[in-house]
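# Overview (structure and organization)
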Amino acid sequence: MNEALSPSEPQLEFTFEFDERPEKVWKAISVEAFRRQWLPDQNVLEVLHEAHLAQLELLIEEAEPPHERGVVTFSVRANGRGGTIFAVVHRRTMVRAAANDAAPTMMLAA
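This report concerns the structure included in the present document. What you see is a predicted model, and the numbers here were worked out from it, not measured in a lab.

Attention now moves to the packing of aromatic side chains. Both the distance between ring centres and the angle between the ring planes are used here to describe each pair of aromatic rings. Counting across every chain of the model gives 5 aromatic pairs. On the basis of an interplanar angle of 20 degrees and a centroid distance of 6.4 Å, the ring pair of phenylalanine 14 and phenylalanine 16 is categorised as stacked. Classification of phenylalanine 14 as partly exposed rests on a relative accessible area of 44%. Each ring, one from phenylalanine 74 and one from phenylalanine 86, has its centre 5.9 Å from the other, and the planes form 10 degrees; the classification is stacked. Placement of the pair is phenylalanine 74 in strand β5 (residues 69-78) and phenylalanine 86 in strand β6 (residues 84-95), with a sequence separation of 12 residues.

The peptide bond linking proline 65 to proline 66 adopts the cis configuration, its omega dihedral lying at 15 degrees. Mapped onto the secondary structure, proline 66 falls in the loop between β4 (55-62) and β5. Of note in this structure, leucine 53 is not a glycine but carries a positive phi near 65 degrees. Considering the arrangement of structural elements, one finds leucine 53 in the loop between β3 (42-51) and β4. What makes leucine 53 partly exposed here is its relative accessible area of 33%. Here the phi dihedral of histidine 67 falls at roughly 55 degrees; this positive angle occurs in a residue that is not glycine.

Another aspect to go through is the environment of asparagine 79. By the secondary structure assignment, asparagine 79 is in the loop between β5 and β6. When the C-alpha positions of asparagine 79 and aspartate 19 are compared, they lie 9.1 Å apart, and in sequence the two are 60 residues distant. Setting aside anything within four residues of it in sequence, one finds asparagine 79 in contact with Glu17, Phe18, Thr84 and Ile85. One polar contact links the side chain of asparagine 79 to the main-chain amide nitrogen of arginine 81, over a distance of 2.8 Å.

What follows deals with the pairing of β4. Bridging between β3 and β4 involves 8 bridges; their strand directions are antiparallel. The residue bridging glutamine 42 from the neighbouring strand is glutamate 62, located in β4. Counted between consecutive antiparallel strands, the loop separating β3 from β4 contains 3 residues, among which leucine 53 sits at a positive phi close to 65 degrees. Note that β4 and β5 share 7 bridges and pair antiparallel. Residue pairing in the sheet places glutamate 57 in a bridge with threonine 73 of β5. Where β4 folds back on β5, the antiparallel hairpin that results is connected by 6 residues, among which histidine 67 adopts a positive phi of roughly 55 degrees.

The next thing to look at is the nonpolar core. Listed in full, the 11 residues of the largest apolar core are Val25, Trp26, Ile29, Leu56, Leu58, Ile60, Val72, Phe74, Val76, Phe86 and Val88. Secondary structure elements with two or more residues in this core: α1 (22-30), β4, β5 and β6. Excluding residues that lie within four positions of it along the chain, valine 76 makes contacts with Pro22, Val25, Trp26, Ile29, Leu53, Ala54, Thr84, Ile85 and Phe86.

Calculation rules
Residues numbered from 1 in each chain as written. Predicted model: local features only at pLDDT ≥ 70, side-chain atom pairs only at ≥ 80, totals over all residues. Heavy atoms only, no water. Phe/Tyr/Trp six-rings, centres within 6.5 Å; stacked < 30°, edge-to-face > 60°. Buried < 20%, exposed > 50% of the residue type's maximum accessible area, 1.4 Å probe, protein only. Helix = DSSP H or I, 4+ residues; strand = E, 2+ residues; numbered from the N terminus. Contact = heavy atoms within 4.5 Å. Polar contact = N/O pair within 3.5 Å; in protein donor to acceptor, adjacent residues only side chain to side chain. Pairing = 2+ DSSP bridges. Core = buried A, V, L, I, M, F, W, Y, C linked by side-chain atoms within 4.5 Å.

Right, here's the structure in full:
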């Protein structure tokens, strides 16, 4: 991966509690067809880490320009009452340029 977390961009963190069992919540995030229903404007570029029924970390890219990228981590755990505590952390990334890349950036008109 040629990207790094951007130190200048804040993290977004959200925690939700659901009445559904952790297995059902896990299915909603780990099965792509289900995930696309509630996260339709994101392209998953790579699964960075997966701990079954506990955590899923994805490198995503917005479908629309400017195609910003980020790392989204989903965490799932039982709440002790038959439901689920679901956490989402989103961190933006920045593309690393090669150290010897001295070529200027040019934009071309169509």
